[in-house]
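Overview (structure and organization)
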Amino acid sequence: MNRFEYIEARFFPNEKYVRCDVSVRLYDGDNKTSFEGGELVLTTHRILWGKPGDISDGQTCLSLSLCHIIFFEEEAPGPFSFGRRKKVIIHLSEAPGDKMPGPLDNSIYSYIKLSFKEGLDPNFVLHLSDAIMRRMWELMPITPIIYSTTDMQNSRSNAKPLPQIKTRTGIIGIERSLREKQKATDDSISMAFQDLKKLMEMAKDMVSISKTISTKIRERQGDITEDETVRFKSYLMSLGIDDPVTRDAYKSSNEYFKQLAKQLANILEEPVKEVGGMMTLTDVYCRVNRARGMELLSPEDLLNASRQLAPLGLPIVLRIFDSGVMVLQIQSHNDIAIVDVIANLIKDRGSLTAEELAQSEGISVLLARERLLVTEKYGKACRDDTIEALRFYPNLFLEGND
């Protein structure tokens, strides 16, 4: 506790608010202190602790600079400590000699504990870890304003005050918060169902139009040219699937999946070619159900039908990557050719991430990542995995240069 300083609760220049937690108690090592039931504010530079309302009002609070934190860990309750709350243990460096006045001048402990009465939010650990890793106090240092004991309450810095912090006030506050969340959820669900209803109505009309056009084509088979027939069929594909395969039309599931696989190959061969010869199963699911109108297909039926593509010798097949990602790809797809294209792109640009490749090639980020991983698997790319992104570079070992 001798690392904490008394300071006015205000942001310094370059300091950013991260999060706030309520009902937090401070421990000096393993010893409880009188600092309990307070608000704990995490910024990019400090940890602030104060009584409820003091921090948001700019009153005096306790301040601990993140630069003093060596590492932190979670203390899980022991097997015989029923009802005890999980704590965060923060290990600290030695207190600096020029430290401002604080709650303690000396302490035998080199760590403090934070106890959360309402339970430890997992996001607190993530936010604290992120703030420590970013080390913003080194990139954008702050200049503290020193207060004496006589002018502590009267002095004011030019920095911005901390944002107002919402606190829950007893059972009534909790009930009000739950009601607000439930109302927002109900509104979102109602809006989603309205949109879904409109979509289903439009899809039903579109499939009805496609069936009408298909019937007319069959009736006038000898009166229209072959080119016109091809053109009409392309229009049908854009409107919806004529007579979609359904389970109730077949006695066995095996026959149903085979016929469904044939229909999938028929409607997806050209779209898959247009997107580079490969389409994720999630994109296939959306595209097929959009075309089927009211006869929606379940994910299980789509997967089972996709597994029948290869045994039936159809022009598209199911492929499962090492990561578990499933795609439909054309039978003639050549991994080596794709790897060469990706390797050349990486070489031309110096490096690539999945997002950059997806934007460049007009494909999904998931599919772009898989193509980069396949390129790496063939030895034509090297990865650099950082907190910013997974970036791939040319494999210079293949160049033969010193």
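Bear in mind that the values here come from a model prediction, so they are computed numbers and not experimental data.

Before going further, it helps to examine empty space enclosed by the protein. Empty space among the atoms becomes visible once a probe the size of a water molecule is rolled across them. Evaluation of the coordinates by the stated rule reveals one cavity of 30 Å³ or more. In this model, the largest cavity occupies a volume close to 60 Å³. In this structure, the largest cavity is lined by Met-278, Arg-319, Phe-321, His-333, Asp-335, Ile-338, Val-339, Ile-342, Arg-371, Val-374 and Thr-375. Of all the secondary-structure elements, those providing two or more residues to the lining of the largest cavity are α8 (335–349) and α10 (365–377). Residue contributions to the lining of the largest cavity peak at four residues, all from α8. Across the lining of the largest cavity, the residue classes break down as six nonpolar, two polar and three charged.

What follows deals with the nonpolar core. Ile-47, Ile-90, Leu-114 and Leu-128 are the most contacted members of the largest nonpolar core, which totals 26 residues. At the level of secondary structure, the elements contributing two or more residues to this core comprise β2 (17–28), β4 (38–43), β5 (46–50), β6 (60–65), β8 (87–92), β9 (111–116) and α1 (122–134). Here this core gets five residues from one element, more than from any other, and that element is α1. When neighbours within four sequence positions are excluded, Leu-114 is seen to be in contact with Val-24, Arg-25, Leu-26, Leu-40, Lys-86, Lys-87, Val-88, Ile-90 and Phe-124. Within the second largest apolar cluster, 23 residues are counted, among which are Leu-260, Ala-265, Leu-297 and Leu-309.

The next thing to look at is the sheet that holds strand β13 (residues 352–353). Pairing is antiparallel in the open sheet, where three strands are placed in the order β13-β15-β14. Looking along the sheet, the strands with just one partner apiece sit at the ends: β13 and β14 (381–385). Pairing between β13 and strand β15 (residues 390–394): two bridges, direction antiparallel. Bridged to Thr-353 within β15 is Arg-391. Running over the sheet, α8 touches β13, β14 and β15 and is turned about 90° from β15.

The subject of this paragraph is the packing of α8 against α10. Packed helix pairs are specified by the crossing angle of their axes together with the interaxial distance, meaning the distance between the axes. Across the interface, α8 lies against α10 with an axial gap of 9 Å and an inter-helix angle of 95°. The orientation of α8 relative to α10 falls into the category roughly perpendicular. Across the interface between the two elements, Asp-335, Ile-338, Val-339, Ile-342, Ala-343 and Ile-346 from α8 touch Arg-371, Leu-372, Val-374 and Thr-375 from α10. Of the residues contributing to the contact of α8 with α10, the split by class is seven nonpolar, one polar and two charged.

Let us look at the sheet that holds strand β12 (residues 326–330). A sheet is described by the order of its strands in space; here three strands give the open sequence β10-β12-β11, paired in antiparallel fashion. On the outer flanks of this sheet lie β10 (278–280) and β11 (316–320), each paired with one strand and no other. Neighbour-to-neighbour, the strand axes of this sheet turn through a mean angle of 30°, independent of strand direction. Bridge analysis of β10 against β12 gives three bridges, and the strand direction is antiparallel. Within the sheet, the bridge partner assigned to Thr-280 lies in β12 and is Val-327. In the packing of α10 onto the sheet, contacts are made with β10, β11 and β12, and the angle to β10 comes to roughly 125°.

Looking at where Gln-308 falls in the secondary structure, it is placed in the loop between α7 (299–306) and β11. If we ignore the near neighbours within four places in the chain, the residues touching Gln-308 are Asn-254, Phe-257, Lys-258 and Ala-261.

Within this structure, the stated rule accounts for 14 salt bridges. Across the pair Asp-335 and Arg-319 runs a salt bridge, and its minimum N-O distance is 2.7 Å. Here Asp-335, found in helix α8, pairs with Arg-319, found in strand β11; they are 16 residues apart in sequence, far enough to count as distant. Since its relative accessible area comes to 18%, Arg-319 is described here as buried. Between Asp-322 and Lys-377 there is a salt bridge, with the nearest N and O atoms lying 3.1 Å from each other. Of this pair, Asp-322 sits in the loop between β11 and β12 while Lys-377 sits in helix α10; the two residues are 55 residues apart in sequence, bridging distant segments of the chain. Taken individually, Asp-322 and Lys-377 each receive the classification exposed, so the pair is uniform in this respect.

Let us now look at the packing of helix α5 (residues 253–274) against helix α6 (residues 281–292). Across the interface, α5 lies against α6 with an axial gap of 11 Å and an inter-helix angle of 105°. Taken together, the axes of α5 and α6 lie roughly perpendicular to each other. Taking contact as the criterion, the partners of Leu-260, Gln-263, Leu-264, Ile-267, Leu-268 and Pro-271 in α5 are, on α6, Val-284, Arg-287, Val-288 and Arg-292. Within the contact of α5 with α6, the residues separate by chemical class into seven nonpolar, one polar and two charged.

Rules used throughout
- Residues numbered from 1 in each chain as written.
- Predicted model: local features only at pLDDT ≥ 70, side-chain atom pairs only at ≥ 80, totals over all residues.
- Heavy atoms only, no water.
- 1 Å grid on protein atoms, 1.4 Å probe; cavity = no way out; pocket = protein on both sides within 12 Å on 5 of 7 lines; lining within 4 Å.
- Points joined across faces, edges and corners; volume = space filled by probe spheres on them.
- Helix = DSSP H or I, 4+ residues; strand = E, 2+ residues; numbered from the N terminus.
- Nonpolar A, V, L, I, M, F, W, Y, C, P; charged D, E, K, R; others polar.
- Core = buried A, V, L, I, M, F, W, Y, C linked by side-chain atoms within 4.5 Å.
- Buried < 20%, exposed > 50% of the residue type's maximum accessible area, 1.4 Å probe, protein only.
- Contact = heavy atoms within 4.5 Å.
- Pairing = 2+ DSSP bridges.
- Axes fitted to C-alpha atoms, helices over the stretch in contact; angles between N-to-C directions.
- Parallel < 35°, antiparallel > 145°, perpendicular 65-115°, else oblique.
- Salt bridge = Lys/Arg side-chain N within 4 Å of Asp/Glu carboxyl O.

Function cannot be inferred from these measures alone, as they are strictly geometric.
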